[in-house]
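What follows is each chain in one-letter form.
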Amino acid sequence: MWQKVFFIFSILFLSIFLFSINLKKPITVILKNGDIYRIKKLYIVGSAEPDRFWYTDKDGFYTDVTFHDLVEIRNSKDGIYLVKIRTGAEKVKKIDDLRFRFNDGNGRDLIVSLSEIKSIKFTTHKCDKICPLGHIFRNTDFIYCPYDGLLLKPLETENVGTIQ
């Protein structure tokens with residue numbers, strides 16, 4: 001009996017410890033050359049607001065976004081996609097080749113341009129998320145579904161109709 005209780009508490013404390021390590025470095029930068037960096041802070045070089053940038057969206061509107069509004073910045077062959085907390089993935093029509101500055105964890109500051117980055121993932125934001133099997137979690141910072149372990153995605157609410 002006590003062994004089972006001890007085992008359960010051990011698993012609980014281990015998961016809390018691993019989760020706290022993840023919170024200390026909430027941003028993952030993956031470069032196109034395969035390098036991966038887990039970092040605490042990310043800055044835009046030469047910007048008055050180091051966490052805000054401007055881009056032209058798919059409709060041609062010039063708009064801004066902060067890191068707090070993003071889940072991921074994806075740079076692929078098809079173009080650049082911003083995955084926003086509330087609206088999900090959005091293709092960028094035009095964006096400057098931003099330069100990002102961060103500490104690599106070994107005491108060196110690196111400056112990397114957007115063209116060299118494969119993706120930037122922000123993992124500590126709370127938002128409405130949905131599991132591929134349909135489980136919905138409101139205002140959560142879960143990355144994976146606690147029921148089945150599948151990767152959660154931001155809940156896109158654009159196509160949801162209102163009940164009459």
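For the structure itself, look to the data block above.
Just so it is clear, the structure is predicted and the values come from calculations on it, not from any experiment.

## Thoughts on the overall build of the protein
When helices and strands are tallied, the protein shows 1 helix and 14 strands. Of all 164 residues assigned to the protein, the portion counted as buried reaches 34%. Long-range contacts, defined here as pairs at least 24 residues apart, represent 42% of the contacts in the protein between residues at least 6 apart. Surface accessibility of the protein: about 11300 Å² in total, with carbon and sulfur atoms responsible for 57%.

## Comments concerning the sheet that holds strand E9 (residues 99-103)
Pairing in this open sheet of 3 strands is antiparallel, and the strands run E3-E9-E10 from one edge to the other. The open sheet has two free edges, formed respectively by strand E3 (43-44) and strand E10 (109-113), since each of these has just one partner strand. Two strands pair when backbone bridges link them, and E9 and E10 are joined in this way by 5 bridges, in the antiparallel orientation. What sits directly across from Arg99, in E10, is Ser113.

## A look at the packing of aromatic side chains
Going through the model one piece at a time under the given rule, you end up with 6 aromatic pairs. Relative to Phe102, the ring of Tyr37 has its centre 5.3 Å away and its plane inclined at 55°; by these criteria the two rings are tilted. Of this pair, Tyr37 sits in strand E2 (residues 36-39) while Phe102 sits in strand E9; the two residues are 65 residues apart in sequence, bridging distant segments of the chain. Look at Tyr37 and you get buried, because its relative accessible area is 15%.

## Side note on the side chain of Thr28
Within the element layout of this structure, Thr28 appears in strand E1 (residues 27-31). Judged by its relative accessible area of 10%, Thr28 falls in the buried class. A polar side-chain atom of Thr28 sits 2.4 Å from a polar atom in the side chain of Arg38. Filtering out sequence-adjacent residues up to four positions away, Thr28 remains in contact with Ile36, Tyr37, Arg38, Ser119, Ile120 and Lys121.

## Describing the environment of Asn75
Counting through the fold element by element, Asn75 comes out in strand E6 (residues 70-76). Sequence spacing of Asn75 and Leu114 is 39 residues, and the spatial spacing of their C-alpha atoms is 7.8 Å. With residues near it in sequence (within four places) discarded, Asn75 still touches Lys32, Ile80, Leu114, Ser115, Ile117 and Lys118. Within the structure, Asn75 has its side chain in polar contact with the backbone oxygen of Leu114 (distance 2.8 Å).

## Digging into the sheet that holds strand E4 (residues 52-57)
On the basis of which strands lie adjacent, the open sheet formed by 8 strands has the order E2-E1-E11-E6-E7-E8-E4-E5 and antiparallel pairing. Looking at strand neighbours, the two that pair on one side only are E2 and strand E5 (62-66), the edges of this open sheet. Across the sheet, the axes of successive neighbouring strands diverge by a mean angle of 30°, strand direction being ignored. Strand direction decides the pairing type here: E4 and strand E8 (residues 88-94), joined by 2 bridges, are antiparallel. Note that in E8 the partner of Asp57 across the bridge is Val92.

## Here's the deal with the nonpolar core
For soluble globular proteins, the rule of thumb is that nonpolar side chains tend to be buried together. If you look at the biggest cluster of nonpolar residues, it comprises 26 residues, and the most contacted ones within it are Leu42, Phe53, Ile73, Phe100 and Ile120. Elements supplying a minimum of two residues to this core: E1, E2, E4, E6, strand E7 (79-84), E9, E10 and strand E11 (117-122).

## Topic: the side chain of Asn75
Residue class for Asn75 comes out buried when judged on its relative accessible area of 13%. Within the structure, the side chain of Asn75 is placed 3.2 Å from the backbone oxygen of Ile117, a separation counted as a polar contact.

Definitions and cut-offs
- Residues numbered from 1 in each chain as written.
- Predicted model: local features only at pLDDT ≥ 70, side-chain atom pairs only at ≥ 80, totals over all residues.
- Heavy atoms only, no water.
- Helix = DSSP H or I, 4+ residues; strand = E, 2+ residues; numbered from the N terminus.
- Buried < 20%, exposed > 50% of the residue type's maximum accessible area, 1.4 Å probe, protein only.
- Contact = heavy atoms within 4.5 Å.
- Areas by Shrake-Rupley, 256 points an atom, 1.4 Å probe, with all protein chains shown as cover.
- Pairing = 2+ DSSP bridges.
- Phe/Tyr/Trp six-rings, centres within 6.5 Å; stacked < 30°, edge-to-face > 60°.
- Polar contact = N/O pair within 3.5 Å; in protein donor to acceptor, adjacent residues only side chain to side chain.
- Axes fitted to C-alpha atoms, helices over the stretch in contact; angles between N-to-C directions.
- Core = buried A, V, L, I, M, F, W, Y, C linked by side-chain atoms within 4.5 Å.

None of this, on its own, says anything about what the molecule does.
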